[in-house]
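# Coordinate analysis (summary)
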Amino acid sequence: MSEQTNSKPEFIWINIIFFGLSFIAAIILVPWYGFEYGYHFSSWAWGIGLWLFSSTSISMGYHRLWSHKAYEAHPVLKVILAFGGCLALQNSALHWSSDHRKHHKDVDHDVLDPYSASRGFWHSHIGWLLKREDNGRYDQDYKNSPDLQRDPIVMFQHKYYWLLSVGVNVAIPLLLGLAYGLFWEMLLVAGVWRLVWSHHLTFFINSLAHIWGTRPYTEENSARDNIVLAVLTGGEGYHNYHHKFQYDYRNGVRWWHFDPSKWWIKALSWIGITKNLKAVSVEKIEKAKAETLLLKAKEKTAHLANAEEIMQKLHDEYEQLVSKLSEVYAAQKQWLEAKKNKLLESYEQLNLRQEYEQLKKNFELQKASWLQLAKQYA
Ligand SMILES: [Zn+2]
Ligand SMILES: [Zn+2]
């Protein structure tokens, strides 16, 4: 998509100065102080702790709760997340979510996606925050977020955002500095370093997570899965999965995927703080993966003389896979329902379970055969 903007961008000087100075301070003053005077453990403990708190607030709150409504949260948790969002200094939850919804709706579109990766690393990382391309498309009427405009916690945070945000970013390092008698250390580590580090890690999700990584679930957009980014951003790096299934409260969908936000949301649901967690079924996920592989193989074999023959083979295997997939999940559903309702005789439950397990084995065999064939070509 190469639609270009006509109007001249207007620079946002306050952002240029703020991001520029804080970045320079983080890469020069922070190491210089360390070499010159050394740091105390408590400064880094607070710096890292505050970074984790604010980035979790962005991931769990701004992103999964408010932008995507992937679960519901108790007001106490919402207040905590809104507070963490002030510390993160990434604008209000309403503003952030409105931008993010635009990003998902028109991902990679040069004009409609506010941080489109199709315009390159620099623009998607930070360039979009430094200039206003003012031809009405970035109008901040929040029309795409009427639900958030009805949320009193979101609206309170939005109304007082800059006061709260600047306030906590100054007050917290200051109070820590006074409490520990480490004024400059706390200012540099819990203030400057923490803020710059968390800013750029979040920005990497808009830039690097659309450039670097794999695309197992969809190739319709540039979003990618990347384990390095997942570790650095509390689970946000499984961005290809996320763009395919944005309403899932998980970004790392397998149990072993590093996704602390998912673990928090799940764990808090056991004590009723979070509820109505939305999760896509295994069936849909498996199907998306198979479909992506099929399309990849199709593209790669299109130029071969026997392309048609290969495609036929791939299609046959794929169709068998999909039909076995729906069989196995229908059987699983039946068995689980029988177990839950306890309406059936136990031998019937047992039969349903055995049937499910047999179908699952068939599916696994078909999946192995499908992968063997598809990966030859994809
Ligand atoms: Zn994205
Ligand atoms: Zn998202």
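Each value, and the rule that gives it
Residues numbered from 1 in each chain as written. Chains lettered and ligands numbered in written order. Predicted model: local features only at pLDDT ≥ 70, side-chain atom pairs only at ≥ 80, totals over all residues. Heavy atoms only, no water. Helix = DSSP H or I, 4+ residues; strand = E, 2+ residues; numbered from the N terminus. Buried < 20%, exposed > 50% of the residue type's maximum accessible area, 1.4 Å probe, protein only. Contact = heavy atoms within 4.5 Å. Areas by Shrake-Rupley, 256 points an atom, 1.4 Å probe, with all protein chains shown as cover. Phe/Tyr/Trp six-rings, centres within 6.5 Å; stacked < 30°, edge-to-face > 60°. Donors = N, O, S within 2.8 Å, 3.2 Å for Na, K, Ca; no water. Tetrahedral: all angles 85-135°; square planar, octahedral: opposite > 155°, others 65-115°. Axes fitted to C-alpha atoms, helices over the stretch in contact; angles between N-to-C directions. Parallel < 35°, antiparallel > 145°, perpendicular 65-115°, else oblique. Nonpolar A, V, L, I, M, F, W, Y, C, P; charged D, E, K, R; others polar. Patch = residues over 30% accessible without salt bridge, like charges linked within 9 Å, V, L, I, M, F, W, Y side chains within 5 Å. Salt bridge = Lys/Arg side-chain N within 4 Å of Asp/Glu carboxyl O. Polar contact = N/O pair within 3.5 Å; in protein donor to acceptor, adjacent residues only side chain to side chain. Domains from an automatic or database assignment. Buried area = accessible area lost by both parts, 1.4 Å probe. Core = buried A, V, L, I, M, F, W, Y, C linked by side-chain atoms within 4.5 Å.

For the rest of this paragraph, the subject is the overall build of the protein. Regarding its fold elements, the protein presents 15 helices and 4 strands. When burial is assessed residue by residue, the protein has 49% of its 378 residues classed as buried. Within the protein, contacts between residues separated by at least 24 positions form 69% of all contacts whose residues are at least 6 apart in sequence. Carbon and sulfur atoms form 63% of the exposed surface of the protein, whose accessible area is close to 20100 Å².

On to the packing of aromatic side chains. Applying the stated rule across the entire model yields 23 aromatic pairs. Both rings, one in F11 and one in W13, keep their centres 5.8 Å apart while their planes meet at 55°; by these two values the pair is tilted. In this structure F11 comes out as partly exposed when scored by relative accessible area, which is 47%. Each ring, one from Y39 and one from W44, has its centre 5.6 Å from the other, and the planes form 85°; the classification is edge-to-face. Here Y39 falls in the partly exposed class, since its relative accessible area comes to 23%. An aromatic cluster is built from W32, Y33, Y37, Y39, W44, W51, W193 and W197, whose rings are joined through pairwise contacts.

For a metal with four donors in a tetrahedral arrangement, the ideal angle between donors is 109.5 degrees, while six donors in an octahedron ideally sit at 90 or 180 degrees. Within the protein, H103 (NE2), H210 (NE2), H239 (NE2) and H243 (NE2) serve as the donor atoms for the zinc ion (ligand 1), at 2.1 to 2.2 Å. Here the zinc ion (ligand 1) is ringed by 4 donor atoms whose angles at the metal span 95 to 158°, and the overall shape comes out irregular. Each donor residue of the zinc ion (ligand 1) belongs to the same chain, and together they define the spacing H-x106-H-x28-H-x3-H. With H210 in the loop between α9 (183-206) and α10 (227-232) and H239 in helix α11 (residues 239-244), the pair connects residues that are 29 residues apart, well separated along the chain. With respect to burial, H210 and H239 carry one shared label: buried.

Quick look at the packing of helix α3 (residues 75-88) against helix α8 (residues 161-180) now. Put simply, α3 and α8 touch, their axes get as near as 8 Å, and they point 75° apart. When the axis of α3 is compared with that of α8, the two are roughly perpendicular. On α8, the residues that touch F83, G85, C86 and L87 of α3 are Y161, L164, S165, V168, N169 and I172. Residue composition of the contact of α3 with α8, grouped by class: 7 nonpolar, 3 polar and no charged.

The next thing to look at is a nonpolar patch on the surface. On the surface, F121, W122, I211, W212, I227, V228, V231, F258 and W263 cluster together to form a nonpolar patch covering roughly 870 Å² of accessible area. The biggest single contributor to the nonpolar patch is α10, with 3 residues.

Here the focus is the environment of N15. In this structure, N15 sits in helix α1 (residues 13-37). Taking the C-alpha atoms as reference points, N15 and I126, separated by 111 residues in sequence, lie 9.9 Å from one another. Other than its neighbours up to four places away in sequence, N15 contacts G20, L129 and L130. Here L129 takes part through its backbone oxygen, which lies 2.8 Å from a polar atom of the side chain of N15.

When the domains of the protein are assigned, the result is domain 1 (10-275) and domain 2 (282-377). For domain 1 and domain 2, the distance between their C-alpha centres works out to 37 Å. A buried area of about 650 Å², summed over both sides, lies between domain 1 and domain 2, and 63% of it is on carbon and sulfur atoms. Among the residues of domain 1 in contact with domain 2, Y217, E219 and F245 are the three that bury the most area, contributing 57% of the side total. In this structure, the connection of domain 1 to domain 2 is made through 1 salt bridge. The tally of links between domain 1 and domain 2 comes to 1 residue pair in polar contact (both at pLDDT 80 or more). Considered class by class, the residues forming the side of domain 1 that touches domain 2 number 5 nonpolar, 1 polar and 4 charged.

As enumerated under the stated definition, the model contains 12 salt bridges in all. Salt-bridge contacts for D147 lead to K69; the nearest nitrogen and oxygen are separated by 3.1 Å. One end of the pair, D147, is in helix α6 (residues 146-149); the other, K69, is in the loop between α2 (41-67) and β2 (72-73), with 78 residues separating them in the sequence. Given a relative accessible area of 40%, K69 falls into the partly exposed group. Ionic contacts of the salt-bridge type, sharing partners, join the residues R64, E236 and D259 into one network.

Core analysis: the biggest nonpolar cluster contains 31 residues, and M60, Y62, L65, W66, Y71, L77 and L81 have the highest contact counts within it. When contributions to this core are tallied by element, the ones reaching two or more residues are α2, α3, α4 (93-105), α7 (152-159), α8, α9 and α12 (260-269). Apart from the residues lying within four places of it in its own chain, the contact partners of Y62 are S57, S67, G85, C86, Q90, N91, S92, A93, W96, S97, Q157 and Y161. Listed in part, the 24 residues of the second largest apolar core include L294, A297, L325 and L373.

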